[in-house]
Amino acid sequence: MNSASDLRSGKTHRDENFPVASWIIRPQHRAPILAFYNFVRTADDIADHAELPAEEKLRYLDLLEAELLGKGDTQVEAVRLRTALAERGLLTAFRMDVTKLRYENWDEVIHYCRYSAMPVGRFVLDVHGESTSTWPASDALCAGLQVNNHLQDCGKDYRNLNRVYLPRDALAASGAAVEELGASRSSPQLLQCLHALAGKTEALLHEGRALAP
């Protein structure tokens, strides 16, 4: 088995549409945050790889998790993060990306966010020694940003990976079909669905405003 690093898409923290280790973070905190980013970016790129079979993706994710927990030293991203974070559920979201291609309702999407986005915010807060009382606002903010990414990439995710984060019940309520995500332009029904989900995202971001201070 090759290094998981070989499966990286080439995307780095400088290519994200959100700050990863910006200048507002104290220099001594940047290394563990970048280690966290590189680990989850590698896992995300594996889950999203267009050519790698599902069983191979899961094998690489299992290897990353095993080495994160101290069972080997061949995967540099896992080794670097090991001392900063050994959370057993960290790869749950990426396994879901491989095995779960449809979401029935909003609650299922938020359940995904609990494993994909929320741990990132909590990790950054923990690195800075913040109280766990900050977690609820952070969870809402991170979930809102995650769903925004889902809305932004909904067409690409469907066409490239046959993965749809838009809940089935939201699509049905707007009279939209999953197959419409493959079109070059959104139908009025699909736009209605996206606008409704964006409203839910706006509510999450509003909940997260308490984190800013």
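Quick note: structure is the one above.
Source: prediction; values computed, not measured.

Calculation notes
Residues numbered from 1 in each chain as written. Predicted model: local features only at pLDDT ≥ 70, side-chain atom pairs only at ≥ 80, totals over all residues. Heavy atoms only, no water. Helix = DSSP H or I, 4+ residues; strand = E, 2+ residues; numbered from the N terminus. Buried < 20%, exposed > 50% of the residue type's maximum accessible area, 1.4 Å probe, protein only. Contact = heavy atoms within 4.5 Å. Areas by Shrake-Rupley, 256 points an atom, 1.4 Å probe, with all protein chains shown as cover. Lys, Arg positive; Asp, Glu negative; His and termini not counted. Charge placed at Lys NZ, Arg CZ, Asp CG, Glu CD. Phe/Tyr/Trp six-rings, centres within 6.5 Å; stacked < 30°, edge-to-face > 60°. Lys NZ or Arg CZ within 6 Å of the ring centre and 35° of its normal. Axes fitted to C-alpha atoms, helices over the stretch in contact; angles between N-to-C directions. Parallel < 35°, antiparallel > 145°, perpendicular 65-115°, else oblique. Nonpolar A, V, L, I, M, F, W, Y, C, P; charged D, E, K, R; others polar. Salt bridge = Lys/Arg side-chain N within 4 Å of Asp/Glu carboxyl O. Core = buried A, V, L, I, M, F, W, Y, C linked by side-chain atoms within 4.5 Å.

A. Structural context of the overall build of the chain. Secondary structure summary: the chain contains ten helices and zero strands in total. Tracing the chain from N to C terminus, the helices and strands come up as α-α-α-α-α-α-α-α-α-α. On the principal axes, the C-alpha backbone points of the chain span a range of 50 × 45 × 25 Å. Every one of the 213 residues in the chain was classed for burial, and the buried ones make up 43%. Restricting the contact set of the chain to residue pairs at least 6 apart, pairs at least 24 apart contribute 63%. As displayed, the chain offers around 11400 Å² of accessible surface, 51% of which is attributable to carbon and sulfur atoms. If the 24 positive side-chain charges of the chain are averaged to one point and the 29 negative ones to another, these points end up 3 Å apart.

B. Inspection of the packing of aromatic side chains at higher detail. This structure, assessed with the given rule, holds four aromatic pairs. An angle of 20° between the planes, with centres 4.4 Å apart, marks the rings of phenylalanine 36 and phenylalanine 123 as stacked. Within this pair, whereas phenylalanine 36 is found in helix α1 (residues 27–47), its partner phenylalanine 123 is found in helix α6 (residues 118–127), the two being separated by 87 residues in sequence. Accessibility assignment for this pair places phenylalanine 36 and phenylalanine 123 in one class, buried. Aromatic pair tyrosine 103 and tyrosine 112: ring centres 6.0 Å apart, planes at 75°, arrangement edge-to-face. Just as tyrosine 103 is buried, tyrosine 112 falls in that class too. Taken together, Tyr103, Tyr112 and Tyr165 form an aromatic cluster joined through their ring pairs. Directly above the ring of tyrosine 103 sits lysine 100, whose terminal nitrogen or CZ lies 4.9 Å from the centroid. Taking NZ or CZ as reference, lysine 200 lies 5.3 Å from the ring centre of tryptophan 106, over its face.

C. Looking closely at the packing of helix α4 (residues 92–99) against helix α5 (residues 106–116). Two elements in contact, α4 and α5, have axes whose closest approach is 7 Å; the angle formed by their N-to-C orientations is 135°. The angle between α4 and α5 places the two elements in the oblique class. Here Thr92, Ala93, Met96 and Asp97 of α4 lie close against α5, whose contacting residues are His111, Tyr112, Tyr115 and Ser116. Split by residue class, the contact of α4 with α5 holds four nonpolar, three polar and one charged.

D. Highlighting the pattern of salt bridges. Overall, the coordinates contain 13 salt bridges when judged by the stated rule. Lysine 100 is the partner of glutamate 108 in a salt bridge, and the nearest nitrogen-oxygen pair spans 3.0 Å. Given the relative accessible area of 25%, lysine 100 is considered partly exposed. For aspartate 153, the salt bridge identified is with lysine 156, shortest N-O distance 4.0 Å. For aspartate 153, a relative accessible area of 19% translates into the label buried. Each of the salt bridges in this network shares a partner with another, and the network as a whole consists of Arg8, Arg41, Asp44 and Asp45.

E. Expanded view of the nonpolar core. Grouped together as the largest cluster of nonpolar side chains are 28 residues, with contacts concentrated most on Leu166, Leu171, Leu181, Leu190 and Leu197. Of all the elements in the fold, those that place two or more residues in this core are α4, α5, α7 (135–152), α8 (154–161), α9 (168–174) and α10 (188–207). Excluding residues that lie within four positions of it along the chain, leucine 166 makes contacts with Tyr103, Leu151, Cys154, Leu171, Leu181, Leu190, Leu194 and Leu197. In terms of nonpolar packing, the next biggest core, distinct from the first, is built from 25 residues, Ala35, Tyr37, Ala47 and Ala78 among them.

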